[in-house]
Amino acid sequence: MTEPPADPDARSLHSWVLLCLAAVGAGVAMGFVGGAFRWCLNNADRLRIDFVDWTHGLPGPGWLVPMVAAALGAALAALVVRWVPLAAGSGIQHVEAVYQGDAQPPLVALLPAKFIGGLLSIGSGLVLGREGPMVHMGAVIGAETGRRVRLSENDMRMLQTAVGGAGLAVAFNAPIGGTLFALEEVTRSFRAQLVLATLFAAAAGVGCMRLVLGNEPDFAVVQFGAPALAWLPLFVGFGLLTGLLGAVYNRLLLWFLDHVGGLRIPAIAKAALIGALIGLVMFVYPQAVGGGDPLTQMILGGHHILLSVVVGYLLVRLIAGPLSYSAGVPGGLFAPLLAVGALWGLLFVGVFGAMWPGDVTMLAVPMALVGMAAFFGATVRAPATAVVLVMEMTASTSAGIPMLAATGAAVLAAMLTGSPPIYDSLRERLMLTR
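The rules behind the values
- Residues numbered from 1 in each chain as written.
- Predicted model: local features only at pLDDT ≥ 70, side-chain atom pairs only at ≥ 80, totals over all residues.
- Heavy atoms only, no water.
- Helix = DSSP H or I, 4+ residues; strand = E, 2+ residues; numbered from the N terminus.
- Rg over C-alpha atoms; globule rule 2.2 N^0.38 Å.
- Buried < 20%, exposed > 50% of the residue type's maximum accessible area, 1.4 Å probe, protein only.
- Contact = heavy atoms within 4.5 Å.
- Areas by Shrake-Rupley, 256 points an atom, 1.4 Å probe, with all protein chains shown as cover.
- Lys, Arg positive; Asp, Glu negative; His and termini not counted.
- Charge placed at Lys NZ, Arg CZ, Asp CG, Glu CD.
- Salt bridge = Lys/Arg side-chain N within 4 Å of Asp/Glu carboxyl O.
- Expected span 1.5 Å × (residues − 1).
- Phe/Tyr/Trp six-rings, centres within 6.5 Å; stacked < 30°, edge-to-face > 60°.
- Core = buried A, V, L, I, M, F, W, Y, C linked by side-chain atoms within 4.5 Å.
- Bend = angle between axes of the 7 residues up to and from the residue.
- Patch = residues over 30% accessible without salt bridge, like charges linked within 9 Å, V, L, I, M, F, W, Y side chains within 5 Å.
- Axes fitted to C-alpha atoms, helices over the stretch in contact; angles between N-to-C directions.
- Parallel < 35°, antiparallel > 145°, perpendicular 65-115°, else oblique.
- Left-handed = near helix turned anticlockwise from the far one by under 90°.

Across its full length, the chain carries 17 helices and zero strands. For the chain, whose C-alpha radius of gyration is 21 Å, the value lies close to the compact-globule estimate of 22 Å for 434 residues. The dimensions of the chain, computed from C-alpha atoms along their principal axes, are 65 × 55 × 40 Å. A burial count over the chain gives 59% of its 434 residues as buried. Of all intrachain contacts in the chain linking residues separated by at least 6 positions in sequence, the fraction that spans at least 24 positions is 85%. As displayed, the chain has an accessible area near 16,600 Å², and 70% of this comes from carbon and sulfur atoms. If the 22 positive side-chain charges of the chain are averaged to one point and the 22 negative ones to another, these points end up 7 Å apart.

Written as structure tokens, this is what we have:
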């Protein structure tokens, strides 16, 4: 095992400047590549919903059409993975392994594989996140930039990590959140040179992405007042329950990887079968599949959703996310986690409101926001990243205090269950397959 990068205080000024300049250049490239990737996925979401609406008007078994379309997209994504095996799954665990010296920096062939494979898998409706491919693409750009400017091996590993963090920043339009992710989750350290490189890469990446997609937050949140501090115990209780749900979700994901991902059938056929199942769900619940941004926007925008529909969406996404990930195609976990967290918060308020004598509808949107951060924190065990990410994506700090308390409670509860952080488990599996 190669030692992580040495203490930056012993480095020359030249190496600091070179790394930071390389981070800016790689961040610019990541911003435009990531902006193009997000633009394609946004249009794929709209086209998919229109396509499903069209199939409802077809004579005969119209439900077969989205099943075939999703199966085809998943199969083609699996074919990409056959050509470039490292393109499978999220890729974040590989970025972590590279930083720790347990794996080699990715080669440039991974970039188009992640881009095309991610469009095929997420665009076809699989419940996967855009951030996994984008973090991995950022790592590729960082590693290739390091090779071209002839950085040392340690500096190259540091640069691929920094630009990987910029990839998350671009994925969620959250430069601070992306920086924290690289420090809190990937490296679990705050070395000065790594901090600077990640800040430069994230700022350059998000700035260029906004040239492509616009300078607006990812979600438009209906205005609400900060919840009264008297409700803080309720948010803490919600956080504790969310921590238990996060631990269950992690175990469910690993179960699917073992029992579905481990099926001894051709990988392309397995992906096609999973895609067909998702396509059937897509015909019935179009908003229940894909990354989940349109559904999250409905919740945060204050749209009224029947409690029975919320339950249906939540159950579907709790199962469809791990099922989709077990297909072994390019795609991440974070974006689906945010949608599940928002649904879970909405459900909690609905159930609590049925028992509470007063009106608690004003807590619906704040609890959905808190649920996004708390569920993310419980599964990934990166609470600071979770809180900052949600605040940046929504440009809202009104629920800041409940969010901090609930996310802390969620992470504590998840830790007490003995369930490890999900990317620790995925990285261990990656090492076993090497």
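Peptide bonds are, in most cases, trans, and in most cases residues other than glycine have a negative phi. Located in the positive-phi region is Arg150, a residue other than glycine, with phi close to 60 degrees. Locating Arg150 in the fold gives a position in the loop between helix 5 (131-148) and helix 6 (153-172). If you check the backbone angles, Ala395 has positive phi at about 50 degrees while not being a glycine. In this fold, Ala395 is placed in the loop between helix 15 (383-394) and helix 16 (400-416).

What follows deals with the pattern of salt bridges. A pair can form between side chains of opposite charge whenever their charged atoms are brought close. As enumerated under the stated definition, the model contains 11 salt bridges in all. With a shortest N-O distance of 3.3 Å, Arg130 and Asp218 are connected by a salt bridge. Taken together, the residues Arg130 in the loop between helix 4 (110-123) and helix 5 and Asp218 in the loop between helix 8 (192-213) and helix 9 (232-259) connect sequence positions 88 residues apart. You'll find Arg130 and Asp218 in the same group, each marked buried. The salt bridge involving Arg148 is made with Glu144; its shortest N-O contact spans 3.2 Å. A residue pair is termed a helical-turn pair when its members lie 3 or 4 positions apart in one helix, as Arg148 and Glu144 do in helix 5 at four residues. What makes Arg148 exposed here is its relative accessible area of 66%. Overlapping salt bridges, with partners in common, bring together Glu96, Glu185, Arg188, Asp424 and Arg427 in one network.

Let's shift gears to helix 4. Residues separated by three or four positions in an α-helix point in the same direction, a consequence of the helix having 3.6 residues per turn. The end-to-end C-alpha distance of helix 4 is 19 Å, a good match for the 20 Å that 14 residues give at a rise of 1.5 Å each. Most of helix 4 is tucked away: 10 of the 14 residues are buried. Its buried side turned inward, helix 4 meets helix 1 (13-56), helix 2 (64-83) and helix 5.

Quick look at the environment of Cys40 now. Here Cys40 shows up in helix 1. The exposure class of Cys40 is partly exposed, given its relative accessible area of 25%.

Attention now goes to the packing of aromatic side chains. For any pair of aromatic rings, the description consists of the separation of the ring centres together with the inter-plane angle of the planes. Applying the stated criterion to the full structure yields 14 aromatic pairs. Ring centres of Trp255 and Phe256 lie 5.3 Å apart, and the angle between their planes is 80 degrees; on these two criteria the pair is classed as edge-to-face. Residue Trp255 is classed as partly exposed on the basis of its relative accessible area, which comes to 44%. Members of the aromatic cluster, connected to one another through ring pairs, are Trp231, Phe238, Trp344, Phe348, Phe352 and Trp356.

Phe172, Phe334 and Leu369 are the most contacted members of the largest nonpolar core, which has 126 residues in total. Top element by residues in this core is helix 13 (residues 334-355). It accounts for 13 residues. In this structure Leu369 touches Val221, Phe224, Leu300, Val390, Thr394, Ser396 and Met403, once residues within four positions along its chain are discounted.

The end-to-end C-alpha distance of helix 7 (residues 175-187) is 17 Å, a good match for the 18 Å that 13 residues give at a rise of 1.5 Å each. Its axis deflected by about 30 degrees at Phe181, helix 7 carries its strongest bend there. Of all 13 residues in helix 7, 11 are buried, a share of seventy percent or more. When helix 7 is considered as a whole, its buried residues turn out to be Gly177, Gly178, Thr179, Leu180, Phe181, Ala182, Leu183, Glu184, Glu185, Val186 and Thr187. With its phi angle positive at about 55 degrees, Arg188 sits one or two positions after the end of helix 7.

Attention shifts here to a nonpolar patch on the surface. A grouping of Val24, Val28, Phe32, Trp39, Leu196, Leu199, Phe200, Leu211 and Val212 is seen on the molecular surface, where their side chains present a nonpolar patch of about 790 Å² in accessible area. Only helix 1 and helix 8 provide two or more residues apiece to the nonpolar patch. The element best represented in the nonpolar patch is helix 8, accounting for five residues. Looking at the element boundaries, Leu196 is found in helix 8.

It is worth spelling out the packing of helix 6 against helix 7 at this point. Where helix 6 contacts helix 7, the two axes come as close as 7 Å, and the packing angle between them is 135 degrees. Classified by the interaxial angle, the pair formed by helix 6 and helix 7 is oblique. In this structure, helix 6 crosses over helix 7, and the sense of that crossing is right-handed. On helix 7, the residues touching Thr161, Gly165, Leu168 and Ala169 of helix 6 are Pro175, Gly177, Gly178, Phe181, Ala182, Val186 and Thr187.

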